[in-house]
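Chain by chain, the residues:
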Amino acid sequence: MKPVVGVVGLGLIGGSILKGLKKQGYKLIAVSRTETSIETAKGLNLADTYSTNMDCLKNADVVFVCAPISKTIETIEKVAEHTKPTAIIADVASLKGFIVDYFNDKSNIKFIGTHPMAGTEFKGIENSPEELYVEAKWVITPTQNTDKEDINTIKLIIEDIKAIPIIAEADEHDKAVSLISHFPLLVSQSLFGTVQNHSDKSVKNLAFKLAASGFRDTTRIAATNIELAKDMEIHNKKNVLESLENFKKYIDDIKNLLESNEEAFIDTISEIAEHRNKLYSKDGKNIFPIYPID
Ligand code: NAP
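As the structure is a prediction and not an experimental result, all values here were calculated from the model.

Parameters at a glance
Residues numbered from 1 in each chain as written. Predicted model: local features only at pLDDT ≥ 70, side-chain atom pairs only at ≥ 80, totals over all residues. Heavy atoms only, no water. Near = heavy atom within 4 Å. Polar contact = N/O pair within 3.5 Å; in protein donor to acceptor, adjacent residues only side chain to side chain. Helix = DSSP H or I, 4+ residues; strand = E, 2+ residues; numbered from the N terminus. Nonpolar A, V, L, I, M, F, W, Y, C, P; charged D, E, K, R; others polar. Axes fitted to C-alpha atoms, helices over the stretch in contact; angles between N-to-C directions. Left-handed = near helix turned anticlockwise from the far one by under 90°. Contact = heavy atoms within 4.5 Å. Salt bridge = Lys/Arg side-chain N within 4 Å of Asp/Glu carboxyl O. Buried < 20%, exposed > 50% of the residue type's maximum accessible area, 1.4 Å probe, protein only.

Peer 1: Can you lay out the site of the ligand for me, pointing to particular residues and giving the numbers?
Peer 2: Taken together, 26 residues lie around the ligand, and Leu 10, Ser 32, Ala 67, Ser 94 and Gly 124 are the ones closest in. For the ligand, an oxygen atom lies 2.9 Å from a polar atom in the backbone of Ile 13. A distance of 3.5 Å is found between an oxygen atom of the ligand and a backbone nitrogen or oxygen belonging to Ile 69. Counting only elements with at least two residues in the shell around the ligand, the list comes to α1 (12-23) and β6 (111-116). Here the residues of the shell around the ligand are counted per class, giving twelve nonpolar, eleven polar and three charged.

Peer 1: How would you sum up the packing of helix α6 (residues 170-196) against helix α9 (residues 226-235)? Please name residues and give values.
Peer 2: Viewed as axis vectors pointing N to C, α6 and α9 meet at an angle of 115°, and their least axial separation amounts to 9 Å. As for how α6 packs across α9, the hand of that crossing is left-handed. Between α6, through Ser 181, His 182, Leu 185, Leu 186 and Gln 189, and α9, the contact on the second element is made entirely by Ala 229, Met 232 and Glu 233. The class makeup of the residues in the contact of α6 with α9 is four nonpolar, three polar and one charged.

Peer 1: With reference to specific residues and values, describe the pattern of salt bridges.
Peer 2: Scanning the entire structure with this criterion turns up twelve salt bridges. The residue Asp 61 makes a salt bridge to Lys 84 at a minimum N-O spacing of 2.8 Å. In this pair, Asp 61 is assigned in the loop between β3 (49-51) and β4 (62-65) and Lys 84 in the loop between α3 (72-80) and β5 (88-91), connecting sequence segments 23 residues apart. When its relative accessible area of 26% is taken as the criterion, Asp 61 is described as partly exposed. Between Lys 278 and Glu 274 there is a salt bridge; the shortest N-O distance is 3.4 Å. Placement of both Lys 278 and Glu 274 in helix α11 (residues 262-279) is noted, with a separation of four residues, approximately one turn of the helix. Judged by its relative accessible area of 44%, Glu 274 falls in the partly exposed class. Among the charged side chains, a salt-bridge network with shared partners connects Lys 23, Glu 130 and Glu 131.

As structure tokens, then:
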């Protein structure tokens, strides 16, 4: 029998989890702090039970806490006051180290860290895509107290939603997502900021007028909702700054090639394009398992 699943925090991610699980016939409990989100969720027929009161979670077998990163720990602790002792509480925050560390010392709460590797720059349940997780990776970062059985329960839910579970160690996860998500966010913001602050106003305005899909794609994530963007960059500051140092070294190397060795420069950017083409399929799917990188 499928577990009864509660979702706390009816934003973009919470909404997408409800939509994905609803399709698979799960019994769902939707919890929000606000009547407005409850009314929106009801209007979309996303759950079986809706409430602003966490008491309604008493029959949940699994609860996904989908709150902002900086509110995740306190929300999990509140949820644990209302759930049965066997209930598994998972989060979806984009950072895992500090949350997993915190619950390593709280063996009375059956917590499992998770992070779905799918999202958009928007916020709110009204923007949550129904098929957000189809073929997306979904990281699981257990604590030192997590039971194997609980990991399996979470894995089955993730697979039911059509995502691909990946078990990782929390600190390593934070380093990896700095490289491919949180640091690229800083680059995207800086790219936009560089044009925005260009000293020649006439050139700047012409550039913005001409900006097409290339600039749109490389700066898309600069429009990420600010609460999420600042949480990812500030909570993962150490790794983001380390990624920035590596980037500065790399871009200096490329700059030197461009200045003084055009042939080597062309070889380097050709190699990058070749690898980039192998990482994603033509329809934009990450095909890493098919593409072995040393
Ligand atoms: P969102 O659309 O802004 O939703 C966040 C929800 O959290 C709000 O709708 C609200 O739900 C609840 N919330 C807001 N303030 C709160 C507070 N002070 N205490 C408790 N709950 C509060 O943001 P989101 O994109 O869904 O992000 C939610 C989580 O998903 C974050 O931890 C983020 O790191 C993670 N995540 C996001 C993405 C992405 O691309 N968006 C991808 C992967 C993971 P109610 O009004 O219903 O209470």
